[in-house]
Amino acid sequence: MEAILREHPLDAAAFRLAHFNNFWLGRPQDMVASVERVLPAWSEGHPGYAMILGCLCFAHEEKETISPPSRPGAAPSNSTLATCGPRMRSPMCWSRRAAAAKASTG
């Protein structure tokens, strides 16, 4: 899948399959790398952009690069969440779920 994505970074089906495989094979670092490789080709005008952003946040959650909050109920605060957070205006559930999961840990 990654070979396809290198040539066709906007191929949403190939991306989702790669993301799915990396998740189920327990490779969060590959989830993050895959999203970060294709993200520059995407923009708000592309259908599926919210999905890509949601996958970015979810991948960082799985990789545990979103730091837990300093106290229960506080928002996580690090550069990864700063990357995901402002883009979460989209209805993509995974981006909100990723941030909520980290915000609820303490």
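The present account deals with the structure reproduced in this document. Position numbers for residues start from 1 in each chain and track the written sequence from start to end. Totals for whole chains, interfaces and linings use every residue, but because this is a predicted model, local features are given only for residues with pLDDT of at least 70 and side-chain atom pairs only at 80 or more, for both listing and counting. Only hydrogens and water are set aside when side-chain values are computed; all heavy atoms of the structure are taken into account.

### Let's talk about the packing of helix H2 (residues 12–24) against helix H4 (residues 49–63)
- In this description, a line fitted to the C-alpha atoms serves as the axis of each element, helices being fitted only across the stretch in contact, and the angle between N-to-C directions of two axes falls anywhere from 0 to 180 degrees. By definition, any uninterrupted DSSP run of H or I lasting at least four residues is a helix, any uninterrupted run of E lasting at least two residues is a strand, and each is numbered from the N terminus. At a minimum axis distance of 12 Å, the contact between H2 and H4 shows a crossing angle of 15°. The angle between the axes of H2 and H4 places the two elements in the roughly parallel class. The hand of the H2/H4 crossing is left-handed. Taken together, the residues of H4 that come into contact with H2 (itself represented by Ala12, Phe15, Arg16, His19 and Phe23) are Met51, Ile52, Cys55, Phe58, Ala59 and Glu62.
- Its residues placed into classes, the contact of H2 with H4 shows eight nonpolar, one polar and two charged. Note that the term roughly parallel is reserved for angles under 35 degrees, roughly antiparallel for angles over 145, roughly perpendicular for angles of 65 to 115, and oblique for everything else. A clockwise turn of the near helix away from the far one marks a right-handed crossing, whereas an anticlockwise turn of less than a right angle marks a left-handed crossing. In this description, contact between two residues means that some pair of their heavy atoms is separated by no more than 4.5 Å. Polar here means any residue outside two lists: the nonpolar Ala, Val, Leu, Ile, Met, Phe, Trp, Tyr, Cys and Pro, and the charged Asp, Glu, Lys and Arg; Gly therefore counts as polar.

### Regarding the packing of aromatic side chains
- When the centres of two rings from Phe, Tyr and Trp lie within 6.5 Å, Trp using its six-membered ring, the rings pair. Their planes under 30 degrees apart give stacked, over 60 give edge-to-face, and anything left gives tilted. With the rule as written, the count across this model stands at three aromatic pairs.
- Ring geometry for phenylalanine 23 against tryptophan 24: centres 5.0 Å apart, planes inclined by 80°, an arrangement best described as edge-to-face.
- Each residue gets one of three labels from its accessible area relative to the maximum for its type: buried under 20%, exposed over 50%, partly exposed in between, using a 1.4 Å probe on protein chains only. Assessed through its relative accessible area of 60%, tryptophan 24 is described here as exposed.
- Residue class for phenylalanine 23 comes out partly exposed when judged on its relative accessible area of 27%.
- Three or more aromatic residues joined by ring pairs make a cluster, and in this case those are Phe20, Phe23, Trp24 and Phe58.

### Here we look at a nonpolar patch on the surface
- Patch membership needs two things, relative accessible area over 30% and no salt bridge, and members are linked within 9 Å if like-charged or within 5 Å if nonpolar (Val, Leu, Ile, Met, Phe, Trp, Tyr). Using a 1.4 Å probe, accessible areas were evaluated by the Shrake-Rupley method; residue-level cover was limited to the displayed protein chains. Salt bridges are counted wherever a side-chain nitrogen of Lys or Arg sits within 4 Å of a carboxyl oxygen of Asp or Glu. On the surface, Met1, Ile4, Leu17, Phe20 and Trp24 cluster together to form a nonpolar patch covering roughly 520 Å² of accessible area.
- Tallying contributions element by element places H2 first for the nonpolar patch, with three residues.
- Residue position: isoleucine 4 is located in helix H1 (residues 2–7).
- With relative accessibility at 36%, the residue isoleucine 4 sits in the partly exposed group.

### Some thoughts on helix H3 (residues 28–38)
- Taken residue by residue, H3 has Pro28, Met31, Val32, Ser34, Val35 and Val38 as its buried positions. Buried positions in H3, seen along its axis, are confined to an arc of 165° and lie on one side of it.
- Contact partners of the buried residues in H3: H1, H2 and H4. Along the arc lie the directions from the helix axis toward the C-beta atoms.

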